[in-house]
Each structure stands twice: as C-alpha cells, then as structure tokens.
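Residue-level structural notes
These are the residues of each chain, in order.
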Amino acid sequence: MSRALHLLSTPHPVVLAGQECRHILDELRELQEKWGPTHIVFRDPLFSQERERVLALCDGIRSLGLRHTFECETRLDRLDDNLLTTLHRAGLRAMSFGVESLDPATLKKVGRRPIPESHQRAILERCRSLGIVTAAFFVLGFQTDTWESISATIDYSVALGPTVAQFKILTPYPGTPLYKQMAPTITETDWERFDGFTPTFDHRSLTHDQLRHLLGSAYTRFYMRPSFLANYLRISTPRLREWIATLDARVERRHARVEQRLALERVHHSGSLSAQP
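Residues numbered from 1 in each chain as written. Predicted model: local features only at pLDDT ≥ 70, side-chain atom pairs only at ≥ 80, totals over all residues. Heavy atoms only, no water.

As for the packing of aromatic side chains
Following the criterion strictly, the structure yields twelve aromatic pairs and no others. Ring centres of Tyr219 and Tyr223 lie 6.2 Å apart, and the angle between their planes is 10 degrees; this geometry places the pair in the stacked category. Placement of both Tyr219 and Tyr223 in helix α9 (residues 208-223) is noted, with a separation of four residues, approximately one turn of the helix. On the basis of relative accessibility, which here comes to 23%, the residue Tyr223 falls in the partly exposed class. Residues Tyr223 and Phe228 carry aromatic rings whose centres are separated by 4.8 Å and whose planes lie at 80 degrees to one another, so their mutual orientation is edge-to-face. A relative accessible area of 15% means that Phe228 is categorised as buried. An aromatic cluster is built from Phe138, Phe167, Tyr219, Phe222, Tyr223, Phe228 and Tyr232, whose rings are joined through pairwise contacts. The side chain of Arg225 reaches across the aromatic face of Phe222, ending 4.7 Å from its centre. (Phe/Tyr/Trp six-rings, centres within 6.5 Å; stacked < 30°, edge-to-face > 60°. Helix = DSSP H or I, 4+ residues; strand = E, 2+ residues; numbered from the N terminus. Buried < 20%, exposed > 50% of the residue type's maximum accessible area, 1.4 Å probe, protein only. Lys NZ or Arg CZ within 6 Å of the ring centre and 35° of its normal.)

What follows is the structure, given as structure tokens:
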C-alpha cells in the first residue's frame with residue numbers, strides 16, 4: 001500500500017476536473033517531490049473535451065520532467081492519433097470510455113451522441129499499439145432493445161477488443177431525468193437494488209429474467225474466451241495468435257449453441273402462452 005493511499009484515502013492520488021492547468025501541474029509537481037512518480041487518476045468524465053487545455057497539460061508535464069503515469073475518462077470522438085500519442089508521452093497508461101449501445105438510434109433517444117464504429121475501432125487499435133489499457137462500458141436494456149440488438153452489442157464488445165469491459169442493465173437512478181422519464185415503468189422500490197445489475201423496470205419486450213441472462217451472457221462471452229487472456233497478457237506471436245483464434249472459434253460455437261437453445265425455448269414459451277384460452 002503506497003503512502004499516497006494514506007494521504008488521500010484512495011488507491012491513487014485523484015485530480016479533479018475544473019482546475020486550471022497551472023494548478024494541476026502544481027499538484028503533480030508537489031506529489032512527485034513528496035512521494036516520487038506515482039499513478040494519477042483524473043476524475044473528469046470528458047478529460048479530452050478541451051483539446052488545447054489537454055495539450056498544454058501534457059506540455060507542462062514533460063517540461064517539468066514529471067514522471068507520473070495517469071488514467072482518465074473521456075469520449076472516443078474527442079481523441080485522435082496525434083492527441084493519443086501526446087497523452088501517452090505525457091504518461092497516459094489507461095483510459096475508460098462509454099460505448100453503451102451499438103444502435104445509433106437508441107443512443108440518440110437517450111440524449112447520447114453516436115460515435116462512428118470506424119472511429120471507435122481506429123482509436124482502440126491505436127491504444128493497443130501504444131500499450132494503453134482500455135475499459136469500455138456498455139448498457140443493456142434500453143426500451144428499444146430486443147434480444148437480438150443486445151446480442152449484437154455483446155458481439156461488438158468482443159470485436160472492438162477493449163482490454164476490459166463492463167456491462168450494466170439500464171438503471172433509472174432516483175433523482176435523474178431518466179428516472180422521471182421511466183417512472184411509470186419502474187417496479188423496484190428498494191433503492192439499494194438500483195445497482196446496474198438488477199432490473200428495476202418493466203421492459204417492453206424482455207422479462208427481468210431475460211435481462212439478467214443477457215447480462216450474464218455478456219460477461220461470459222467477453223471474458224470466457226482465450227483471446228481475452230491473450231490480449232490482457234499482450235501476446236502477439238503470430239503462430240500463437242492463430243492457435244488462440246481457433247480456440248476462440250470453438251468457444252463461440254458453444255455460446256451459439258446455448259443461445260440457439262434458449263431462443264427455441266423462448267419461442268416455445270411464447271407459443272404456449274398464446275395457445276392458452
């Protein structure tokens with residue numbers, strides 16, 4: 001456990017958003033003088049929104065000879081090859097971002113700006129080449145979602161290839177605009193269960209059990225495959241990657257058989273219900 005942990009009550013020193021660049025640099029310099037190079041967490045959901053500010057910060061870090069590493073949150077459409085390279089030179093080693101859904105129409109309906117798939121793939125590929133760890137966030141269970149659209153989002157999470165991924169069921173947290181919008185459909189009254197893993201509302205086409213299954217399937221399909229471990233360990237030997245791809249195909253066929261069986265069960269169940277008088 002580092003001394004910074006005792007100082008700030010967090011695993012890593014945290015620098016909050018909204019501070020002027022010179023103030024941030026003063027904090028980073030003070031940390032290095034007291035504790036030496038450490039890992040910094042920038043708590044700013046749109047860290048790279050103001051490009052010139054970020055470039056000035058990176059220039060300051062390098063001109064002061066600061067040797068910290070850091071991580072941040074941002075949007076992929078606020079990044080490009082040159083900015084990523086500059087950030088990496090300044091110490092960026094990990095980055096988190098939201099993908100949420102594969103469907104642009106779904107994102108627009110909940111006030112999100114879709115990011116072209118080609119740009120997402122290009123940024124992730126550049127991060128891999130620089131050795132930047134990436135964490136992607138996906139949301140399942142928008143009201144326009146179906147079993148098929150969620151399955152497509154899960155497919156995309158694997159194809160996109162972030163280092164790690166987090167999946168959550170859409171959750172209308174109390175006190176948010178989404179909660180007010182979805183109020184007529186909310187079924188859960190225990191606020192402790194608004195945790196992103198528990199269905200809290202009536203979905204138009206999916207039961208609570210189906211949402212829970214799809215959430216479990218997302219984690220299974222993303223993490224229970226040989227290529228996840230290979231990517232995490234940064235294995236790049238061509239022959240090994242070919243063998244891993246073969247193993248991945250076997251795992252994917254098994255997942256497909258399970259999903260096909262469940263699809264048949266859903267059809268049989270719906271048919272039984274419609275046949276009831």
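Still to come is the rest of the account.
Examining the pairing of strand β6 (residues 164-169)
Residues Ala165, Phe167 and Ile169 point to one face of β6 and are all buried, whereas Val164, Gln166 and Lys168, pointing to the other face, are not buried. In this structure, strand β5 (residues 133-140) lies alongside β6, joined through six bridges in parallel fashion. Looking across to β6, one finds that Ala136 is bridged to Ala165. Once you follow β5 into helix α7 (residues 147-160) and on to β6, the crossover reads as right-handed. (Pairing = 2+ DSSP bridges. Right-handed = clockwise from strand over helix to strand, strands pointing away.)

Concerning the confidence of the model for the chain
Per-residue confidence for the chain gives a mean pLDDT of 86, with 88% of residues at or over 70. Contacts of residues 1-11 to residues separated by more than four positions or lying in other chains number twelve contacts, the stretch itself having pLDDT below 50. (pLDDT = per-residue confidence, 0-100. Contact = heavy atoms within 4.5 Å.)

Topic: the pattern of salt bridges
For the structure shown, the criterion picks out 13 salt bridges. Across the pair Arg121 and Glu117 runs a salt bridge whose closest N-O atoms are separated by 3.0 Å. Remark: Glu117 and Arg121 occur in helix α6 (residues 117-130); sequence separation between them is four residues, near one turn of the helix. A salt bridge links Arg128 to Glu125; the nearest nitrogen and oxygen atoms lie 3.0 Å apart. Linking Arg128 with Glu125, this pair stays in helix α6, spanning three residues, or about one helical turn. Among the charged side chains, a network of salt bridges with common partners joins Arg75, Asp77 and Arg113. (Salt bridge = Lys/Arg side-chain N within 4 Å of Asp/Glu carboxyl O.)

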